[in-house]
Every structure is written in structure tokens, then in C-alpha cells.
Amino acid sequence: MEVIEKSAEGLDRRFLVKVSAAELDEKLVAKLNEVKGQVNLKGFRKGKAPVSFLKKMYGKGMMSEIIQEVVNETSMKAFTERDLQPATSPHPHFANKIEDVIEGKADLEFDIHAEILPTFEPMDVSTLKLTRPVCDVPEADVEEALTNIAEQQQSYKARGKTAKAKDKDMLVIDFVGRVDGEEFAGGKGEGIELVLGSNTFIPGFEEQLVGVKTGDETEVKVIFPEDYGSKDLAGKDAVFEVTVNEVKAPEAVEINDELATKLGLESLEDLKTRLKERLEADYKNLSRGHLKRALLDKLDEAHDFELPKGMVDAEFEQIWRQVESSERDEEDKDKSEDELKEEYRKIAERRVRLGLVLAEIGKRSEVQVPSNELQQAIQQQAMRESQMMQMQGQNVSPQEVLKFYQENPAAIQQIRAPLFEEKVVDYIIERAEITDKTVTKEKLMEEPEGEGAFA
């Protein structure tokens, strides 16, 4: 077996691999000798069939397997022996007809082509100086959260049959919607509970039901919004025939110890403490989001090295598919496709660069994702995917999804990657010089500043 480096330009590497027909035949004979004791052929005692006969019977099939093994082994060996790490799977290109190689008429010759991961020296993360925005949880936020919980526990009591519906009342209605006189999918409902003023129905629908009474039958005329999810209905006039089955008035919900005990807590003070802790955790996550963005911006600025084009192309294609499947932001509406592609390619380059930098820092620092955290993430993902499939009418259990992950290392790696990223970010934050800066709640709620994205 001979491996020759054909070219080395930038990150691009090409190798020529030669394996003689004689060497392949040796491998075939060795493999046949391994299995001949297990072969039971008519006319021969078990294990006594000559190799020459077995070669005629099974040679082509086994040779195909041997060639595949040689290609797989050599493709990686050509790189690892030179301390090179392929950025993507190496692609073999055969020089001779594979049928001739299988039949022993030609040597096995093939090119291997792949880009390698760049080598670079990551910055000393202990020299990083970052500002972390922080904000105490205002008491008003706790009170607002408490009010929201109370509203979620809202109960309703039937009004009298002659009572007219008011804003905040709940109606129990049946309805049939029509566009141009024809019923449409999703435009029919029975026994639907609707709180007036909740803005859960099409704009203009709820307002027209203020003043109705139990037993009323009425028409509601609306216009579907231009940006409505169904293109067939967007911007169309619609008429709904509505039957009011019941009108209910909201009952006052007192914020007291009784409310807390309904939620399984000991007292109102206990509920307030839990709410404040939850809000503090939310604020902490927002603060970390700003810090992480600043950290990634610093890492991006500090590193400049050649990127594997294949990795950038793959990342860009993924981003561009998302762009094409969604509506353009206001700031992008006047840009040409070429301008947008240029911008999103820069984002792809940023993501690839940061991914490589974080991977290298994590590797050198021996950052690990604990197996219990990985298993928990896999189980949670399996549960989510199972639920989504069941909603789509596919009867797939979480155990079946879990089995898929257990049998597919690449799928597990997709779950591990973001966990590893967060561990590396934590590692850097622990060593960087962090200065806390008190900001307003509104400032903390803003999107983290910085160019591009990495998530």
C-alpha cells in the first residue's frame, strides 16, 4: 500500500493511494481462511472446501468488502499519519473501474480529497476584559408576576340569561366561518371558550360580541390580516355565524395565602419568594446572554485564520434556507439578494471561526460534558421529537427516538455540541476579568449587541 501526497494548497489536501492487485488478493485469501471453517458446502466436509473454490463462490462479494475497508482505513490514515484533521469526510475518486479491481484485473488506485482544520494559537482567555450588565429584580415585577398568576387562576360564573356580555367576560360559543359564501378549513368550532378582550381571535371579532346575551345568534364580519398564516385567507372578508351558548362573568381572585395553597405552596410569602427567585434566574440568563455575546465578539476579533470553505458553505446554506423560508426584516427589505448573501456569508464565517476557536480552547483545557448531562439532554430531545411526531399523526414513542440516538453517534454529537459550547464559555468566563455594571431592566431586556450571531 502506497500513499502519496499530491498537493497541499492552503487547507486543501489531495492524496493518491495505490494498493496492488496482489496485496488485495492476499487480504482476500486471509479473509477466506478465517471463515472457511464456518462454511458448509455440498460435496465437502465442513471447513474442508479449498480456498480456490471459496474464492470462486464468494470472492467478488468479499473483495467488495475488502476494498471498502481499505478505502475507509486509508482515507483517514493519510491524514492522521501527518497529524492532519479533516474538516469534512474525505472523498475518494477511483482511477480504475471498480469492477476490474474486484475481479483482480487492476490495482486499486484512488485519490482522496478533503480540507483540513486550520492550526492556530488561541488567545490567552485570562487577558479578556468584559462587562456584564446586571439588574436587581424590581418589586413591581414580582407584583406583576403575582397578578398574572392570579389571572391564570381566574374562574367564571354564569350571568343571567338576559345579561349582556361585557369586556373581560367569557363566552361559550359555536361558530361557522365563510369566505365568499364557502366554509373554510379551521373556520368552525363548537363549545369554544372565548374571553372578550383577550385578542385571541381575528382582529375585530371579539369587539362585535360585546353586548350579546345567552341564546343570541349573530353575524360577525371581519377581514383577515394581510399577514395571516394561511395565504388563501390573508386579506379576505369573512362572515362568522355565531351562537352564544353562555355568558360568564369573571369572579374576583384574591391574592392571598389561599391562592398560594391552591398552587401547592405554604403561603403568599412563599409564593412571592419563588416568583422572585424565578425572575432572578431569568435576569441572570439575560445578563449571561449579553456577556456571552461580548465574549464571542472579543474572540472573533482576536482570531484571524483561513477557514475551511466546505464548512463555511455548509453553514451558509443552512442560514440561507432559514432566510428564504421566513419573511425579511424591515432592515433587509430594500437589500438585493447578493447584498443579503454577502452579509449572511460573513455570519457563516463568524460561526465557523468561533466554533473552531471554542473547540480548540475546550480541547486544550480538557473541557468535558458530563455523561449524565448529555444523557439528560438526549432524553429530553427524544421526548420533544416524540411529541412532535405524535402531533403529526405518527405513533413514535420516546424510546424509539432514544434508540435512534443511541445508534447514531452523529446525532448525539449534534446534541453534545451546544452543551460543550456552554461549558467552554463557562470556562472562559471563570478566567476572564469580569466587571459588573448595573443597568435598567429595559437595557437588560434588549437584544445583545454585536455583529452576526452564534447560536
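Residues numbered from 1 in each chain as written. Predicted model: local features only at pLDDT ≥ 70, side-chain atom pairs only at ≥ 80, totals over all residues. Heavy atoms only, no water.

Visitor: I'd like a description of helix H4 (residues 139-152), backed by residues and values.
Guide: Each turn of an α-helix holds 3.6 residues, which means side chains three or four residues apart point in the same direction. The end-to-end C-alpha separation of H4 is 20 Å, in line with the 20 Å expected for 14 residues at 1.5 Å each. For H4, the full list of buried residues reads Asp141, Val142, Ala145, Leu146, Ile149 and Ala150. Elements in contact with the buried residues of H4: helix H5 (257-262), helix H6 (268-302) and helix H12 (441-445). (Helix = DSSP H or I, 4+ residues; strand = E, 2+ residues; numbered from the N terminus. Expected span 1.5 Å × (residues − 1). Buried < 20%, exposed > 50% of the residue type's maximum accessible area, 1.4 Å probe, protein only. Contact = heavy atoms within 4.5 Å.)

Visitor: Tell me about the sheet that holds strand S1 (residues 2-9), and please be specific about residues and values.
Guide: A sheet is described by the order of its strands in space; here four strands give the open sequence S1-S2-S4-S3, paired in antiparallel fashion. Edge positions in the sheet fall to S1 and strand S3 (91-94), since each has one partner strand and no second. Going across the sheet, the axis of each strand differs from the next one's by a mean of 20°, ignoring polarity. Relative to strand S4 (residues 108-115), strand S2 (residues 12-19) runs antiparallel, the two being bridged by eight bridges. Following the sheet pairing, Asp12 is matched in S4 by Glu115. Across the face of the sheet, helix H2 (residues 51-80) comes into contact with S1, S2, S3 and S4 while running at roughly 45° to S4. (Pairing = 2+ DSSP bridges. Axes fitted to C-alpha atoms, helices over the stretch in contact; angles between N-to-C directions.)

Visitor: Describe the environment of Leu354, listing the residues and the values that go with them.
Guide: Tracing the chain through its elements places Leu354 in helix H8 (residues 337-364). Linking Leu354 and Arg384, residues 30 residues apart in sequence, is a C-alpha distance of 28 Å.

Visitor: Account for the side chain of Asp169, naming residues and giving values.
Guide: Inspection of the secondary structure puts Asp169 in the loop between strand S6 (156-158) and strand S7 (170-179). A polar atom in the side chain of Asp169 sits 2.9 Å from the backbone nitrogen of Lys166. When neighbours within four sequence positions are excluded, Asp169 is seen to be in contact with Tyr156, Arg159, Lys164, Leu194, Val195, Leu196, Val247, Lys248, Ala249 and Pro250. (Polar contact = N/O pair within 3.5 Å; in protein donor to acceptor, adjacent residues only side chain to side chain.)

Visitor: Got a sec to walk through the pattern of salt bridges? Specific residues and values, please.
Guide: Counted by the stated rule, this structure contains 36 salt bridges. Taking the shortest distance from any N to any O, the salt bridge between Asp300 and Arg353 comes out at 2.7 Å. Linking Asp300 in helix H6 with Arg353 in helix H8, this pair joins segments that are 53 residues apart in sequence. For Asp300, a relative accessible area of 19% puts it in the buried group. Residue Arg353 is classed as buried on the basis of its relative accessible area of 14%. Look at the salt bridges and you will find they share partners, linking Arg288, Lys292, Glu421, Glu422 and Asp426 into a network. (Salt bridge = Lys/Arg side-chain N within 4 Å of Asp/Glu carboxyl O.)

Visitor: Could you give an account of the nonpolar core, with specific residues and numbers?
Guide: A general trend in soluble globular proteins is that nonpolar side chains are found buried together. The biggest cluster of nonpolar side chains holds 43 residues, and the ones touching the most others in it are Leu295, Leu299, Tyr344, Ile361, Val424 and Ile428. The biggest single contributor to this core is H8, with 10 residues. Those residues within four positions of Val424 in sequence are excluded, and the remaining contacts are Leu358, Ile361, Gly362 and Val367. Leu11, Met63, Ile67 and Phe110 belong to the second-largest nonpolar core, a separate cluster that totals 26 residues. (Core = buried A, V, L, I, M, F, W, Y, C linked by side-chain atoms within 4.5 Å.)

Visitor: Could you give me a rundown of the packing of helix H1 (residues 21-35) against H2, with the residues and numbers involved?
Guide: Put simply, H1 and H2 touch, their axes get as near as 8 Å, and they point 115° apart. For the pair H1 and H2, the sense of crossing is right-handed. For the pair H1 and H2, the contacting residues are Leu24, Asp25, Lys27, Leu28, Val29, Lys31, Leu32, Asn33 and Val35 in the first and Val51, Leu54, Lys55, Gly59, Met62, Met63, Glu65, Ile66, Glu69 and Val70 in the second. Residues of the contact of H1 with H2, tallied by class, amount to 11 nonpolar, two polar and six charged. (Left-handed = near helix turned anticlockwise from the far one by under 90°. Nonpolar A, V, L, I, M, F, W, Y, C, P; charged D, E, K, R; others polar.)

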